[in-house]
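# Residue-level structural notes
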Amino acid sequence: MPRRVDAPEVRASSTDPSSWGSFDEAVAALEAAPDSISGVGFVFTTGDPFAGVDLDRCMGADGQLVPEAQRIVDHLSSYTERSPSGEGLHIIVRGELPAGRKALQEWGGHLEAYPHGRYFTVTGDHLEGTPATIEERQLPLAELLPAKVSPPPPAQLHAGGFE
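Residues numbered from 1 in each chain as written. Predicted model: local features only at pLDDT ≥ 70, side-chain atom pairs only at ≥ 80, totals over all residues. Heavy atoms only, no water.

Take the environment of His-75 next. Looking at the secondary structure, you find His-75 in helix α2 (residues 67–76). When its relative accessible area of 31% is taken as the criterion, His-75 is described as partly exposed. Here the alpha-carbon distance between His-75 and Pro-140, two residues 65 residues apart in the chain, equals 6.4 Å. Residue contacts for His-75: discarding those within four places in its chain leaves Pro-140, Glu-143 and Leu-144. (Helix = DSSP H or I, 4+ residues; strand = E, 2+ residues; numbered from the N terminus. Buried < 20%, exposed > 50% of the residue type's maximum accessible area, 1.4 Å probe, protein only. Contact = heavy atoms within 4.5 Å.)

What follows is the structure, given as structure tokens:
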């Protein structure tokens, strides 16, 4: 959950830049209150060249990626890390998506791709065998999403903004 760097007890919004801080501010807030802040994250915005792909429940019982998720990871071939749950992955790429959140069901897990208005917790738990850098992946994104995209769910209002 995103938190304000100037008031960690208050939620930040993934759509309100006035509630965000810089990376250095986030690290300083984490160092000052390690028991109340669990990490740092990144907000995808319309002003940056990044998109995020979130793969939920993509690890099998043996701890290995399910084949469908492995194909997506291989296809996008960009910075990939385990999500905070340990059961999913976050892939960050350079590329544009159409406006709005895109989602699809696959293997019993879930894939969502975000061009902006979304916060990813950054774990630093890099997935071995994937690039350690964020790569340009416009064409792979376009190949992955159009045929499989379902309409986004309606936005749900919560106290800190939209999710």
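After that view, the rundown keeps rolling.
Here we come to the nonpolar core. The biggest cluster of nonpolar side chains holds 21 residues, and the ones touching the most others in it are Val-53, Leu-55, Leu-65, Leu-76, Leu-89, Ile-91 and Leu-141. Elements supplying a minimum of two residues to this core: β2 (50–56), α2, β4 (89–94), β6 (110–114) and α3 (138–144). Considering every element that reaches this core, the biggest residue donor is α2, with four residues. Every residue in contact with Ile-91, bar those within four places of it in the chain, is listed here: Ala-51, Gly-52, Val-53, Leu-55, Ile-72, Val-73, Leu-76, Ser-78, Tyr-79, Thr-80 and Phe-120. Of all hydrophobic cores here, the second largest spans five residues; its members include Phe-44, Phe-50, Tyr-114 and Phe-120. (Core = buried A, V, L, I, M, F, W, Y, C linked by side-chain atoms within 4.5 Å.)

With that out of the way, let us pick up unusual backbone geometry. The backbone of Arg-57 sits at a positive phi, close to 45°, despite the residue not being glycine. Note on Arg-57: relative accessible area 46%, which makes it partly exposed. In this structure, Ser-77 is a non-glycine residue whose phi angle is positive, near 40°. With respect to the helices and strands, the residue Ser-77 is situated in the loop between α2 and β3 (79–82).

Attention shifts here to the layout of surface pockets. Of the volumes computed, that of the largest pocket is approximately 560 Å³. What lines the largest pocket is a set of 27 residues, and nearest its centre among them are Arg-3, Ala-26, Val-40, Gly-41 and Tyr-119. Those elements that place two or more of their residues in the lining of the largest pocket are α1 (23–32), β1 (40–44) and β7 (118–122). Here the lining of the largest pocket gets four residues from one element, more than from any other, and that element is β1. Partitioned by chemical class, the residues of the lining of the largest pocket number 16 nonpolar, nine polar and two charged. (1 Å grid on protein atoms, 1.4 Å probe; cavity = no way out; pocket = protein on both sides within 12 Å on 5 of 7 lines; lining within 4 Å. Points joined across faces, edges and corners; volume = space filled by probe spheres on them. Nonpolar A, V, L, I, M, F, W, Y, C, P; charged D, E, K, R; others polar.)

In this description, a pair of aromatic rings is defined by centroid distance and the angle of the planes. Across all of its chains, the model carries four aromatic pairs by this definition. A network of ring pairs unites the aromatic residues Phe-42, Phe-44, Phe-50, Tyr-114 and Phe-120 as a single cluster. (Phe/Tyr/Trp six-rings, centres within 6.5 Å; stacked < 30°, edge-to-face > 60°.)

Across four bridges, β3 lies against β4 in antiparallel orientation. Directly across from Tyr-79, in β4, lies its bridge partner Ile-92. Hairpin connection between β3 and β4: a loop of six residues separates the two successive antiparallel strands, and Gly-86 in this loop has a positive phi of roughly 80°. (Pairing = 2+ DSSP bridges.)

As a further point, take the confidence of the model for the chain. In this model, the chain carries a mean pLDDT of 83, and residues with pLDDT of at least 70 account for 83%. The low-confidence segment residues 147–152 (pLDDT under 50) makes eight contacts with residues lying over four places distant or belonging to another chain. For residues 154–163, every residue scores under 50 in pLDDT, and the model assigns this stretch 14 contacts once sequence neighbours within four places are set aside. (pLDDT = per-residue confidence, 0-100.)

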